[in-house]
Amino acid sequence: MSGLSAPIEISGLSKVFRQTTSGQSIVAIDQLTLRIDPGELVAIVGKTGCGKSTLFDLLIGLEHPTAGSITIGTKTPYDDFNAFRGKIATIFQQDRLFPWRSALDNVKLPLELIGIAEDVQQERAMTWLKRLGLEKFANAYPRELSGGMRQRVAIARAFAVQPEILLADESFSALDEVTANELRKTFVELAREFKSTAILITHQLEEAMAVGDRIVVFGKSATLLADIRMMDWDRADYPLLREGIQNTLQANAPDPRLRR
Amino acid sequence: MISSLPRETIISIVLFAVVWQIMSYLAPSLGIPAFAIPGLGRIAESLTKITPLDVAVTLGRVLLSLVVSFVIGLLVAVLMYLSGSVEKYLRPMVRILMAVPVVSWILFAVLWFKGVEFRIVFVLVVVCAPVFTVDALDNMREVSRDLKQMIRSFRPTPLQFFHKLMLPAITPGIITSWKITLSLAIRVVTIAELVGAVTGIGHQLSVAQELFSVADVFAWTLVLVILLFLLEALLVQLETRVLRWRA
């Protein structure tokens, strides 16, 4: 994996949805400005409905902003949609595997889409399944796998494409705690090993702290409440940090103790 | 094949045959002409005279028309799925086509076209294609939004989107649609062949009617029903094979 050479620049980003029935406007993201450097592992944490998933859709390029922009180098993921083919990969809350494809064929899917040779597809998909401990289940259909195994396949599918940017939306929150911890660890290891720029979106503070090198806290309409670099904090101060973020999430205003 | 049938089915068929035979025996004493309810022996004799060529011709017409209907139906469904405006214009037309009685289509075909084969294929296609369109469109709409979002995040080309996601996702619905249209086509082809065709099961039924041979009508109808059951069994086999991931 080559790693991303340019930062992700989010500048004055707003997204407003108009409800078709009532005609009311909903401001999902309001004037968000954020910079994510290449190779950073960022956890974005916020309550349900704070605009995290809208940001996820904008980062993937499936939505256009109402105002502002997201630029990666000189391109935007929504206007230059095809320029990011094979460069952005996603892991969703549910595994979203194709039920008619075996585990191996699911991992091969993004490789097929970017036109990689069949023998390379096979070899690379198998390598990733082995890496995630699923080589014996290569020919199993998703219905034959447990939730944790299916999510492993989804992780393999995302990494197989060797993306520069990895986006994960609540990817471990539907799993039991033991499996979730195990997969979070795998996710962090792989993201570090391949120097991917990884963004994990979550509503669980513990998860954000377990995964992120940097924690970005969102309030209503993705208002930036806190932007914390974990390296600035000693492990001994983590309880204080946790409490500060929790207070911030509750009060929807930054806790002064978070400033470093 | 018979051994694989449920016991109740075999009993019900045997019962029907016994009742038929009794009615055939009693018909003259009830004032019903003997030819109206021929005995099983007479029907068996008619079955031995079935001409395989006519069966093959009907089967060929049905399969060809279904393939053409499927291709047209699917293409129209894809166009309607891709464009809301196209759908707004085409949906009323598709509904009108579906509402027109088969007999009207046969009359139109006779009035509009000279070639018998073209008439039959036209009638079958115009009856079956809208069914494929409506079913395929409904199935495309029901494809999981999550799966669409997932594949779109990997930026497929429009062709890849259909080939990798939509087609496999709608396959179960398409197979169901084939089962429905197959039964529809078998019934429609018979009517279409009654008018003008010089080959096929419909034509043979017409000949039998002209000869007042109920035994022949019964025998050809039986062949038609068996043909339908065989084709349905093949579809079920295909379904089991293609959809093994659902087991």
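Rules used in this analysis
- Residues numbered from 1 in each chain as written.
- Chains lettered and ligands numbered in written order.
- Predicted model: local features only at pLDDT ≥ 70, side-chain atom pairs only at ≥ 80, totals over all residues.
- Core = buried A, V, L, I, M, F, W, Y, C linked by C-beta atoms within 7 Å.
- Buried ≥ 20, exposed ≤ 12 C-beta atoms within 10 Å, placed from the backbone.
- Helix = DSSP H or I, 4+ residues; strand = E, 2+ residues; numbered from the N terminus.
- Contact = placed C-beta atoms within 7 Å.
- pLDDT = per-residue confidence, 0-100.
- Pairing = 2+ DSSP bridges.
- Axes fitted to C-alpha atoms, helices over the stretch in contact; angles between N-to-C directions.
- Parallel < 35°, antiparallel > 145°, perpendicular 65-115°, else oblique.
- Left-handed = near helix turned anticlockwise from the far one by under 90°.

## Quick look at the nonpolar core
All names here are of chain B. Membership of the largest hydrophobic core comes to 124 residues, with the highest contact counts inside it found for V123 and L124. Element by element, the count of residues in this core is highest for helix α6 (residues 116-141), at 15 residues. Residues in contact with L124, not counting those within four places in the same chain, are S65, S69, A185, V188, V189 and A192.

## Brief notes about the confidence of the model for chain A
In this model, chain A carries an average pLDDT of 91, and 95% of its residues clear a pLDDT of 70 or more. Mean pLDDT across the elements of chain A bottoms out in helix α7 (residues 238-251) of chain A (85) and peaks in helix α2 (residues 103-113) of chain A (97).

## So, the confidence of the model for chain B
Per-residue confidence for chain B gives a mean pLDDT of 93, with 99% of residues at or over 70. Of all the helices and strands in chain B, helix α1 (residues 7-26) of chain B carries the lowest mean pLDDT, 92, while helix α3 (residues 52-82) of chain B carries the highest, 97.

## Describing the sheet that holds strand β6 (residues 165-169) of chain A
Backbone hydrogen bonds hold the strands of a sheet together, and the pairing may be parallel or antiparallel. Residue and element names in this part refer to chain A. Taking strand neighbours across the sheet as the criterion, the six strands line up as β5-β6-β7-β3-β8-β9 in an open arrangement whose pairing is mixed. With partners counted over all chains shown, the strands left at the sheet margins are β5 (88-91) and β9 (224-229), one partner each. Across the sheet, the mean angle from the axis of one strand to that of its neighbour is 15 degrees, orientation sign disregarded. Two elements, β6 and strand β7 (residues 197-202), share five bridges in a ladder whose sense is parallel. Bridge pairing in β7 places A168 opposite L200. Relative to β5, helix α4 (residues 147-160) is tilted by about 175 degrees, and along the sheet it contacts β5 and β6.

## Concerning the environment of P65 of chain A
All names here are of chain A. You can see P65 is positioned in the loop between α1 (52-60) and β4 (67-72). Among the residues examined, P65 registers 21 C-beta atoms within 10 Å and is labelled buried. A C-alpha to C-alpha distance of 31 Å links P65 and K108, two positions 43 residues apart in sequence.

## Describing the packing of α3 of chain B against α6 of chain B
Residues and elements named next belong to chain B. Remark: α3 packs on α6, axes separated minimally by 6 Å, with the N-to-C direction vectors making an angle of 40 degrees. Considering their axes alone, α3 and α6 lie oblique with respect to each other. As for the relative orientation of α3 and α6, their crossing is right-handed in sense.

## Focus: the sheet that holds β4 of chain A
Residue and element names in this part refer to chain A. With antiparallel pairing, three strands are arranged side by side in an open sheet as β2-β1-β4. With one partner strand each, in any of the chains shown, β2 (25-36) and β4 form the two edges of the open sheet. Direction aside, the axes of adjacent strands within the sheet are offset by 25 degrees on average. Pairing between strand β1 (residues 8-18) and β4: five bridges, direction antiparallel. Along β4, the bridge assignment pairs E9 with T71. Taken strand by strand, α1 contacts β1, β2 and β4, and its axis lies near 60 degrees from that of β2.

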